[in-house]
Every structure is written in C-alpha cells, then in structure tokens.
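Residues per chain are reported as follows:
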Amino acid sequence: MDIEKLLIELENIIEKMEDKDITLNYSLELLEQGVKLTKQCFSALNSYKGKLIILKESLDGLDE
C-alpha cells in the first residue's frame, strides 16, 4: 500500500477516535490498527529514504 493511502487510513482512525461516544474496546481496536499503519508508514518512508540516498550518490558521481 502506498504512503498516501496509509495516511488517509490513519486520518480516518483519528476522526473515529475523536468521537466522545466511542467505547473503550473500540478505541483500543482503533489504536491497534493505528499502530500497525504507523509502522507501515515508517517502513515506506525508510524505503524512500534509501532510494533517495542512492539517487543522490549517483548524482554526486556526475561531478567527477
């Protein structure tokens, strides 16, 4: 799943958790989903970071 979709899902979870009538049990389920999505976001960002480093290094080699 791409990071944009993950962020939309996280936003939806946050909106649901802001409901004052939410049960504790449902709140915990949403929190668990949010943690999983957050881990996926960090993983995607780390992947992008690795790709950017490789691209930068290949551009740095053009100066030589």
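Structure first, text after, so check above.
Being a predicted model, the structure only gives us computed values, none of them experimental.

Peer 1: Go over the nonpolar core, please, and point to the residues and values.
Peer 2: Formed by Ile3, Leu6, Leu10, Ile13, Leu30, Leu37, Cys41 and Ala44, the largest nonpolar core amounts to eight residues. When contributions to this core are tallied by element, the ones reaching two or more residues are helix H1 (3-17) and helix H2 (24-60).

Peer 1: Pulling in residues and values, what's your account of the pattern of salt bridges?
Peer 2: The full count for this structure, using the stated rule, is two salt bridges. Glutamate 32 is the partner of lysine 36 in a salt bridge, and the nearest nitrogen-oxygen pair spans 3.9 Å. Taken together, the residues lysine 36 and glutamate 32, both in helix H2 and four residues apart, mark about one turn of the helix. Residue lysine 56 pairs with aspartate 60 through a salt bridge whose shortest N-O separation is 2.8 Å. On the criterion of helical spacing, the pair formed by lysine 56 and aspartate 60 is a turn pair, its members being four residues apart in helix H2.

Peer 1: Any details on the environment of valine 35? Residues and values, ideally.
Peer 2: Its location among the elements puts valine 35 in helix H2. Valine 35 gets classed as partly exposed once you look at its relative accessible area, which sits at 41%.

Peer 1: Mind laying out a nonpolar patch on the surface, listing which residues take part and the relevant values?
Peer 2: A cluster of nonpolar side chains, namely Met17, Leu24, Leu28, Leu31 and Val35, defines an oily patch on the protein surface of about 460 Å² accessible area. The element that contributes the greatest number of residues to the nonpolar patch is H2, accounting for four residues. Considering the arrangement of structural elements, one finds leucine 24 in helix H2.

Peer 1: Run through H1, naming residues and quoting values.
Peer 2: End to end, H1 covers 21 Å across 15 residues, agreeing with the expected 21 Å (1.5 Å per residue, within 8%). Those residues of H1 lying buried are Ile3, Leu6, Leu10 and Ile13. On an axial view of H1, the arc spanned by its buried residues comes to 80 degrees, and they lie on one face. For H1, the exposed residues set more than 90 degrees away from the buried face come down to Lys5 and Glu15. Contacts from the buried residues of H1 go to H2.

What counts and what doesn't
- Residues numbered from 1 in each chain as written.
- Predicted model: local features only at pLDDT ≥ 70, side-chain atom pairs only at ≥ 80, totals over all residues.
- Heavy atoms only, no water.
- Core = buried A, V, L, I, M, F, W, Y, C linked by side-chain atoms within 4.5 Å.
- Buried < 20%, exposed > 50% of the residue type's maximum accessible area, 1.4 Å probe, protein only.
- Helix = DSSP H or I, 4+ residues; strand = E, 2+ residues; numbered from the N terminus.
- Salt bridge = Lys/Arg side-chain N within 4 Å of Asp/Glu carboxyl O.
- Patch = residues over 30% accessible without salt bridge, like charges linked within 9 Å, V, L, I, M, F, W, Y side chains within 5 Å.
- Areas by Shrake-Rupley, 256 points an atom, 1.4 Å probe, with all protein chains shown as cover.
- Expected span 1.5 Å × (residues − 1).
- Arc of directions from axis to C-beta.
- Contact = heavy atoms within 4.5 Å.

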